Amino acid sequence: MRFLLRFCLLIFFLASAFTPLAAQFEEEAWKFRPQIGLWFGPVTPVPGTALSQVLNTNLGGGLFFRFNLPSDTWRTEIGSSYSYYDSRGSAALHSVPVYGAVNYTLPLNLPLTFYGKVGSGAMYLKNKPEERENWHPLGLLGFEASFPAGKWVNIGVRIDYFFVYEDYLKPPPENPNFEVVNGHLLKFGLMVNFNLVR
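Residues numbered from 1 in each chain as written. Predicted model: local features only at pLDDT ≥ 70, side-chain atom pairs only at ≥ 80, totals over all residues. Heavy atoms only, no water.

### So, the confidence of the model for the protein
Moving on, step 1. In the predicted model, the protein carries a mean pLDDT of 86, and the fraction of residues at 70 or more is 86%.
Moving on, step 2. Model confidence for the protein, summarised as mean pLDDT per element, is weakest for helix α1 (residues 2-23) at 49 and strongest for strand β7 (residues 153-164) at 97.
Moving on, step 3. Across residues 17-27, where pLDDT falls below 50, the model places eleven contacts with residues more than four positions away in sequence or in other chains. (pLDDT = per-residue confidence, 0-100. Helix = DSSP H or I, 4+ residues; strand = E, 2+ residues; numbered from the N terminus. Contact = heavy atoms within 4.5 Å.)

Listed below in structure tokens is the structure:
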């Protein structure tokens, strides 16, 4: 939780410090520029957390849509993904996050574009062998680097950290000693997004 707070403060500080500088890079009049994209890559519980003792690294993928509101420096993103985590035993976990986020474009004059993001939403989880399923609140922190591969396509990499809040749940009546823990998940992806308007 301290890491999450520090990361949010860092993003806020960078945004506050560089927003005036970022305005210098906006060379043309603002217009709506939506993007749609997808990613695919490894997903894993954060090492050292309770879930990492049970679940294995696996593959996942997702879709997102974003647009340059409220400005070209800030982008609003909505997205979802699917991940499946197995284990050496019978435990397994299906996860489907649905989130909204704000992406801040770092004002660096480089061929690569860098984004920091913060967001929230909800995550659907279904675990085995208990066959329990539910929606839980989530927080999102992320980082992304991409470069243009032509006029309409951008290619990049992204890393997203999901904090899944589950501490509010009570242990099941049939197992009062069951420990309820928050989820900490990392998702790494190769990403392609398409500019719908240029």
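### So, the sheet that holds β7
Moving on, step 1. Spatial ordering of the closed barrel is given by β1-β2-β3-β4-β5-β6-β7-β8, a layout of eight strands whose pairing is antiparallel. Across the sheet, the mean angle separating the axes of adjacent strands is 25 degrees when strand polarity is ignored.
Moving on, step 2. Across nine bridges, the pairing between strand β1 (residues 35-45) and strand β2 (residues 58-67) is antiparallel. The residue of β2 that forms the bridge with Trp 39 is Gly 62. (Pairing = 2+ DSSP bridges. Axes fitted to C-alpha atoms, helices over the stretch in contact; angles between N-to-C directions.)

### Quick word on the packing of aromatic side chains
Moving on, step 1. What the rule picks out here adds up to seven aromatic pairs.
Moving on, step 2. For the pair Phe 32 and Phe 67, a centre-to-centre distance of 5.9 Å together with 45 degrees between the ring planes defines the contact as tilted. With Phe 32 in the loop between α1 and β1 and Phe 67 in strand β2, this pair connects stretches of sequence that are 35 residues apart.
Moving on, step 3. Its relative accessible area of 16% is what places Phe 67 among the buried residues.
Moving on, step 4. Considering the side-chain rings of Phe 65 and Phe 67, the 5.6 Å spacing of their centres and the 45 degrees angle between planes classify their relative orientation as tilted.
Moving on, step 5. These aromatic residues form a ring-pair network of at least three members: Phe 32, Phe 65 and Phe 67.
Moving on, step 6. We note Arg 66 situated over the ring of Tyr 115; from NZ or CZ to the ring centre the distance is 4.9 Å. (Phe/Tyr/Trp six-rings, centres within 6.5 Å; stacked < 30°, edge-to-face > 60°. Buried < 20%, exposed > 50% of the residue type's maximum accessible area, 1.4 Å probe, protein only. Lys NZ or Arg CZ within 6 Å of the ring centre and 35° of its normal.)

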